Amino acid sequence: MMDVHGMGPLLVLWLAVCLSGTWAVDRGNFKTCDQSAFCKRQRALKPGQSPYRALLETLELTNTKLTLQLINDNNKVRLLLELYRLQGNMTRVKINELKPLKPRFEVPDVLINDPPTEPLSLLSQDENGVVLSLGADSQRLIVSAKPFRLDIMEGREVLLSLNSRGLLAFEHLRIRKDTQVDPEGTEKKEETDAANEPAGGEEEETVKEDEKVEDGMWEETFKSHKDSKPNGPSSISLDFSLPGVENVYGIPEHADSLKLKTTDGGDPYRLFNLDVFQYEVFNPMALYGAIPVMLSHSAQRTMGIFWLNAAETWVDISSNTAGKTVFGQMLDYVQGSSETPQTDVRWISESGIIDVFIMLGPTPTDVFSQYASLTGTQAFPPLSSLAYHQCRWNYNDQEDVAAVDQGFDEHDIPYDFIWLDIEHTDGKRYFTWDPHKFPQPKDMLQGLVDKRRKMVTIVDPHIKVDSNYKIHNEIRSKGFYVKNKDGGDYEGWCWPGNSGYPDFTNPEMRAWWASMFAYDQYEGSMENMYTWNDMNEPSVFNGPEVTMHKDALHGKWENRDLHNLYGLYVQRATAEGLIERSGGVERPFVLTRAFFAGSQRYGAVWTGDNAAEWDHLKISIPMCLSLGLVGVSFCGADVGGFFKSPSTELLVRWYQTGAYQPFFRAHAHLDTPRREPWLFGPENTALIREAVRQRYALLPYWYQLFYHAHHTGQPVMRPLWVEYPQDTATFSMDDQFLLGKDLLVHPVTEEGARGVTAYLPGKGEVWFDVHTFQKHNGAQNLYIPVTMSSIPVFQRGGSIIPRKARVRRSSSCMEHDPYTLFVALSPKRFAQGELYIDDGHTFNFDKQKQFIHRRLSFANNALSSRNLAPGSQFTTPSWIEKIVILGASKPSKVTLKTPDGKESLLEFEFDASMSVLTLRKPGVNAGVDWTVVLQ
């Protein structure tokens, strides 16, 4: 059981509630929209006539932007609109108060640079509005004056409209009028009047003083927690209309379907990083991370909306086709309904400004590139981190770690990382070791080094308040803790008991934190030890909604303004620490639970505290697909489920699914029975071993996909519609997925399944079962009988995928092993693929161009390898051991040609029943040019 020594009674009570009974989320701990005052206020506004009017006489157009004032005719408050045309077919819209009472928060550190602009040109202007050219493809931006509205058009088609439903709402900062004593009242009144003086020739108007004060505007209570709201109401809202669109995706993190549902009649999707205890599936409740990016997709176009705001945010989705039955849709078709499908989206945030990037595609690939140009790409992980990870809360001591490590060898199951949770520390003091259970951490780590394996230890961002704890003393003495509203250090309850929360928004704090990972600071750490950041929403057991009070202060800003950024900053500081400790040489590996837009630059995420239930296995697929669509490719779920105990069938199916998801880690709760892969009988051990070995064999392909994700922003694990954007059958699919464009995976996620139906896309294409090599035509639903050993995976005809057939105890042991190439021919007898190799762990691939990147092509009965990176310098002892060609014809002879002009005959086998040609031991180095000719 959990060690609660030294924990206060409040924490023990919290744990007793959480760890008892059914282990299910208590929805009552988390707000609904009706319980969130700003959401309730904003949602009470109904579509209709907008009070906002554009003051066209204030329009200014420079080479980089257009500025224009807006006025709210109800209260005469003015806003400033800024419009930018960005390189890469994007438009940026910013709206702020013209002269706010005090500065409003604008999100820093998420954009990788100031996005480069392109000139806007004015096409026409009259008293009703202006028309601007956006350059590409006859795109125009129309600004309507009364009511204010923006439309982006291409030719005669409206791509997207802003405020077409009149739901722009901007709660301006103001002086509280209902207080008895206001010593600064006169001075602030003068400031307010000055802030709203008319400009640009507009008739004299002043702010109306009779604005209604509603409950929750100046303070709000949820359960026993009061939110003081010193700045009063500050929420913002804007609606977007997407004509012709029925499918929207993204805005993770939610345990919901890939295609987002309409929210009419229910709660909006909520984006607010929270520690949600064993979350429910198919629910718009907030979870651990928040990425305010939504993609829209139709057969004609893909677009994206990036709402750059780190405050609590709610997203409403409505559709004019939602709720129609299949019969109703058929009736529309038969009767020739002229109603164009349309999806309307409304974003509501508690504070900050409106800063939105409209990514105009037009293809999925374009949107991924556009978003990557704003927030960066997935960090390129060490190769070993793409292998299998073994974790539980907790491995008891050094002897336990050694026994588990030995168990993998005894049962011939490869693994690369073993993990230690909070119990490895000295009384939940991070950067320390329990002196009794882990007295010699370097000996333990060296034992792993000897087997070319690694460890991850947990370092959480709540610090035990203890005057004998070096980390606490330094943070307190440097003033680096988050403050409460009264200026003292903010404290709350977490695993150590009373805890302080470092202010990771402070760059000085982040630099200090990073320095703590140095080998001479983090005693017992070594080069093969990496880091896990948990509880970084942040989790505060006795806080409102199990998180930090919104009126806590990070410097001059409230937690309310930047709450969703906290986890990103924790992971960033940790990743920077791991890089610094190696002198900038080694790539870090950091797993985070909380995240925001841009978190992909710092490592991996997982889907949090799931449960050993079939629905949680199923939901892991759309959860990771959603993250991949918005930049975070390195995603996985706790294999087996964190809470509860899986049946052996569920555990095996989860290993089979996890082996084909980007982050592959088993993890389990402290109170669950042990779950190492060999504890469920020899038959199940063999099934799990096979799933893990399939992962290891495929590591060259995984690594190549992550290299591309790092360079282009394209997701590793992707929905079918990304590659088949005009195939409407794929738009709602989230029980199968693609890895890159060449592997299709349909895991078995139903209890007792005897078969699955996989959709193989692509008219005129073929797909090969990777286990049997059987060929199937595309554009069909294929029923596949399954047994407990089945993992339905298909390779696309026209592709070449490298594998390593010699699976060893860890990925590092396989570094120089030979490759097998699987060539799946298209109906036109063509195929193409790549091979990427580097040292697997340093930044030398980038800094010194030390890598091998080769194009593999099959055409005209010849398979060739050509250099894609002539400027790179890297060699490998690995060689090509075998070539398997699927969909082949029997040749009379096979010849290998090398650059030195030598030719040699290759041995081959041909299976006529399956049309599979196997070439044995070409023996050519993987890093040189060569050609194999079939005659």
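Not measured: the values here are computed from a predicted model.

1. Observations concerning the overall build of the protein chain
Here's step 1: Looking only at helices and strands, one finds 17 helices and 54 strands in the protein chain.
Here's step 2: For 935 residues, the compact-globule formula gives about 30 Å, and the C-alpha radius of gyration of the protein chain, at 29 Å, lands near that figure.
Here's step 3: By its C-alpha atoms, the protein chain is 90 × 70 × 55 Å across when sized along the principal axes.
Here's step 4: When contacts within the protein chain are restricted to residue pairs at least 6 apart in sequence, those whose partners lie at least 24 apart make up 73%.
Here's step 5: Total accessible area on the protein chain is roughly 34100 Å²; 50% of this is exposed by carbon and sulfur atoms.
Here's step 6: Taken together, the 95 basic and 120 acidic charged side chains of the protein chain have centroids lying 5 Å from each other.

2. Quick word on the nonpolar core
Here's step 1: Counting 174 residues, the largest nonpolar core has F306, W513, Y655 and L739 as the members making the most contacts within it.
Here's step 2: The dominant element in this core, judged by the number of residues it contributes, is helix 12 (residues 614-629), at nine residues.
Here's step 3: Counting 50 residues, the second largest nonpolar core, distinct from the first, contains L141, L238, F240 and L242.

3. A few points about the sheet that holds strand 40 (residues 766-769)
Here's step 1: Here six strands make up an open sheet; going across it, the order is 36-37-38-43-40-41 and the pairing antiparallel. Lying at the two open borders of the sheet, with one neighbouring strand each, are strand 36 (717-718) and strand 41 (775-777).
Here's step 2: In terms of strand pairing, strand 37 (residues 737-739) meets strand 38 (residues 743-745) through three bridges, oriented antiparallel. In the strand pairing of strand 38, L739 is matched with L743.

4. Details of the state of the cysteines
Here's step 1: Within this structure, the stated rule accounts for two disulfides.
Here's step 2: Here C33 is linked by a disulfide to C39, with a sulfur-sulfur distance of 2.0 Å. Where C33 bonds to C39 through sulfur, the torsion about that S-S bond is close to -100 degrees, and the disulfide is left-handed.
Here's step 3: Take C33: its relative accessible area is 1%, and that puts it in the buried class.
Here's step 4: Between C624 and C635 runs a disulfide, and the two sulfur atoms are separated by 2.1 Å. Disulfide C624-C635: the torsion about the S-S bond is -75 degrees, which places it as left-handed.

5. Section: the sheet that holds strand 27 (residues 497-500)
Here's step 1: Spatial ordering of the open sheet is given by 25-27-26, a layout of three strands whose pairing is antiparallel. The open sheet has two edge strands, strand 25 (463-464) and strand 26 (491-494), and neither has a second partner.
Here's step 2: As judged from the four bridges shared by strand 26 and strand 27, these two strands associate in the antiparallel manner. Note on strand 27: the bridge partner recorded for C494 is G497.

6. Digging into helix 12
Here's step 1: With 16 residues, helix 12 extends 24 Å between its outermost C-alpha atoms, agreeing within 8% with the 22 Å of an ideal straight helix rising 1.5 Å per residue.
Here's step 2: The largest bend in helix 12 amounts to roughly 25 degrees and is located at S620, with the proline P622 lying one to four residues further along.
Here's step 3: The buried fraction of helix 12 is high, at 14 of 16 residues.
Here's step 4: Backbone geometry just downstream of helix 12 places G631 in the positive-phi region, at approximately 100 degrees.

7. As for the pattern of salt bridges
Here's step 1: On inspection of all chains with the given rule, the structure shows 61 salt bridges.
Here's step 2: Across the pair R593 and D275 runs a salt bridge, and its minimum N-O distance is 3.3 Å. Separated by 318 residues along the polypeptide, R593 in the loop between strand 31 (590-592) and strand 32 (604-606) and D275 in the loop between strand 16 (269-271) and strand 17 (293-297) bring together distant segments of the chain.
Here's step 3: One salt bridge connects D846 with K849, and the closest N-O pair in it is separated by 4.0 Å.
Here's step 4: Overall, K849 belongs to the partly exposed group, its relative accessible area being 42%.
Here's step 5: One salt-bridge network, held together by shared partners, links D227, R270, E312, E350, E545, K550, E558 and R560.

8. Remarks on the packing of aromatic side chains
The description of an aromatic ring pair uses the distance of the two centres, along with the angle that the planes make with each other.
Here's step 1: For the structure shown, the criterion picks out 46 aromatic pairs.
Here's step 2: Between F277 and F643, the aromatic rings sit 4.8 Å apart at their centres with planes inclined by 50 degrees, giving tilted as the arrangement. With F277 in the loop between strand 16 and strand 17 and F643 in the loop between strand 34 (638-639) and helix 13 (648-658), this pair connects stretches of sequence that are 366 residues apart.
Here's step 3: Judged by relative accessible area, F643 falls into the buried class, the value being 1%.

9. Regarding the side chain of Q42
Here's step 1: Looking at the secondary structure, you find Q42 in helix 2 (residues 37-44).
Here's step 2: Non-local contacts of Q42, meaning those with residues more than four positions away in its chain, are made with A169, E171, S235, I236, S237, R346 and I348.

10. Things to note about the environment of M516
Here's step 1: You can see M516 is positioned in the loop between helix 9 (507-515) and strand 28 (529-533).
Here's step 2: Residue M516 is classed as buried on the basis of its relative accessible area of 4%.
Here's step 3: In this structure, M516 is in contact with F431, I471, Q521 and Y522, ignoring residues within four places of it in sequence.

11. Details of the confidence of the model for the protein chain
Here's step 1: Of the residues in the protein chain, 92% reach a pLDDT of 70 or more, and the chain-wide mean stands at 93.
Here's step 2: Low confidence marks residues 324-335, where pLDDT is under 50. Its contacts with residues over four positions away, or in another chain, come to five contacts.

12. Looking at the environment of C391
Here's step 1: Summarising the element assignment, C391 is placed in the loop between strand 22 (388-390) and helix 6 (398-410).
Here's step 2: Measuring from C-alpha to C-alpha, the distance between C391 and Q873 comes to 37 Å, with 482 residues separating the pair along the chain.
Here's step 3: Beyond its immediate sequence surroundings of up to four residues, C391 is in contact with W419, W532, R665, A666, H667 and A668.

13. Side note on unusual backbone geometry
Here's step 1: Each neighbour pair has its own omega, and for G361 with P362 the value is 15 degrees, a cis peptide bond.
Here's step 2: Within the fold, P362 resides in the loop between strand 21 (354-359) and helix 5 (364-375).
Here's step 3: Note the cis peptide between W393 and N394, where omega equals 10 degrees.
Here's step 4: Mapped onto the secondary structure, N394 falls in the loop between strand 22 and helix 6.
Here's step 5: We note that R452 has phi near 60 degrees; this positive angle belongs to a residue other than glycine.
Here's step 6: One can find R452 in the loop between helix 7 (441-450) and strand 24 (454-458).
Here's step 7: Among the residues examined, R452 registers a relative accessible area of 38% and is labelled partly exposed.

14. Considering the packing of helix 9 against helix 11 (residues 566-581)
Here's step 1: The contact between helix 9 and helix 11 brings their axes to 7 Å, and the two run at 45 degrees. Put simply, helix 9 runs oblique to helix 11. Our pair here, helix 9 against helix 11, has a crossing hand that is right-handed. Of the residues in helix 11, those touching helix 9 at R510, W513, A514 and S515 are Y569, V570, R572, A573, T574, E576, G577 and E580.

15. Let's talk about the side chain of E82
Here's step 1: Inspection of the secondary structure puts E82 in strand 3 (residues 78-86).
Here's step 2: Judged by its relative accessible area of 13%, E82 falls in the buried class.
Here's step 3: Look past the residues within four positions of E82 in its chain and what remains in contact with it is K65, L66, T67, R92, V93 and K94.

16. A few points about the packing of helix 14 (residues 682-697) against helix 15 (residues 699-712)
Here's step 1: Their axes nearest at 5 Å, the elements helix 14 and helix 15 cross at an angle of 55 degrees. Classified by the angle their axes make, helix 14 and helix 15 are oblique. Across the interface between the two elements, R695, Y696 and A697 from helix 14 touch L699, P700 and W702 from helix 15.
Here's step 2: Its residues assigned to classes, the contact of helix 14 with helix 15 shows five nonpolar, no polar and one charged.

17. Some points on helix 13
Here's step 1: For helix 13, the tally of buried residues reaches 10 of 11 residues, placing the bulk of the element in the interior.
Here's step 2: Inspection of helix 13 places E649, L650, L651, V652, R653, W654, Y655, Q656, T657 and G658 among the buried residues, and these make up the whole buried set.
Here's step 3: In this structure, the buried side of helix 13 is in contact with strand 22, helix 12, strand 34, strand 35 (664-666) and helix 14.

The rules behind each value
Residues numbered from 1 in each chain as written. Predicted model: local features only at pLDDT ≥ 70, side-chain atom pairs only at ≥ 80, totals over all residues. Heavy atoms only, no water. Helix = DSSP H or I, 4+ residues; strand = E, 2+ residues; numbered from the N terminus. Rg over C-alpha atoms; globule rule 2.2 N^0.38 Å. Contact = heavy atoms within 4.5 Å. Areas by Shrake-Rupley, 256 points an atom, 1.4 Å probe, with all protein chains shown as cover. Lys, Arg positive; Asp, Glu negative; His and termini not counted. Charge placed at Lys NZ, Arg CZ, Asp CG, Glu CD. Core = buried A, V, L, I, M, F, W, Y, C linked by side-chain atoms within 4.5 Å. Buried < 20%, exposed > 50% of the residue type's maximum accessible area, 1.4 Å probe, protein only. Pairing = 2+ DSSP bridges. Disulfide = S-S within 2.5 Å. Expected span 1.5 Å × (residues − 1). Bend = angle between axes of the 7 residues up to and from the residue. Salt bridge = Lys/Arg side-chain N within 4 Å of Asp/Glu carboxyl O. Phe/Tyr/Trp six-rings, centres within 6.5 Å; stacked < 30°, edge-to-face > 60°. pLDDT = per-residue confidence, 0-100. Axes fitted to C-alpha atoms, helices over the stretch in contact; angles between N-to-C directions. Parallel < 35°, antiparallel > 145°, perpendicular 65-115°, else oblique. Left-handed = near helix turned anticlockwise from the far one by under 90°. Nonpolar A, V, L, I, M, F, W, Y, C, P; charged D, E, K, R; others polar.

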